[in-house]
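Overview (structure and organization)
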Amino acid sequence: MCEKLLCAICRAKAEHYYTDDSNKYGIKCNSCGEYHLTEKAEIFLGLLLRVDRAMLAAYIRTKVKTAVNPPLLDELDIFRTLVSAFPNQRSRFR
Ligand SMILES: [Zn+2]
């Protein structure tokens, strides 16, 4: 089963598909690659500013390219990436 939806990272049209785990699904994006995402992570990504998302997209694309299997992005993963990338903005997440 797959549908044409948006990439959670770059908002381009991307293919979504279901995985064995109902809490997560897969996304195939032409620019970001293939990755798995939890629903919580998708909500989190939706709250990000465009500038944050652009930074994350660069990080995730690197991660996707070096991964053997599609990497799973969960909200903690995204949170950690943001904190390490923007240490001065940590207060936003307190
Ligand atoms: Zn994308």
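The present account deals with the structure reproduced in this document. A quick note: this is a predicted structure, and the numbers were derived from the prediction, not measured.

**As for the nonpolar core**
Membership of the largest hydrophobic core comes to 18 residues, with the highest contact counts inside it found for Cys7, Ile9, Ile27, Cys32, Ile60 and Ile78. Mapped by element, the contributors of at least two residues to this core are β3 (24-29), β4 (33-38), α1 (39-47), α2 (50-66) and α3 (75-85). The residues touching Ile60, leaving out its near neighbours within four places in the chain, are Ile9, Cys32, Tyr35 and Leu73.

**A closer look at the packing of α2 against α3**
Their axes nearest at 11 Å, the elements α2 and α3 cross at an angle of 105°. Here α2 lies roughly perpendicular to α3, going by the angle between them. Together, Asp52, Met55, Leu56 and Tyr59 of α2 and Ile78, Thr81, Leu82 and Ala85 of α3 make up the contact between the two elements. Residue composition of the contact of α2 with α3, grouped by class: 6 nonpolar, 1 polar and 1 charged.

Conventions and cut-offs
Residues numbered from 1 in each chain as written. Predicted model: local features only at pLDDT ≥ 70, side-chain atom pairs only at ≥ 80, totals over all residues. Core = buried A, V, L, I, M, F, W, Y, C linked by C-beta atoms within 7 Å. Buried ≥ 20, exposed ≤ 12 C-beta atoms within 10 Å, placed from the backbone. Helix = DSSP H or I, 4+ residues; strand = E, 2+ residues; numbered from the N terminus. Contact = placed C-beta atoms within 7 Å. Axes fitted to C-alpha atoms, helices over the stretch in contact; angles between N-to-C directions. Parallel < 35°, antiparallel > 145°, perpendicular 65-115°, else oblique. Nonpolar A, V, L, I, M, F, W, Y, C, P; charged D, E, K, R; others polar.

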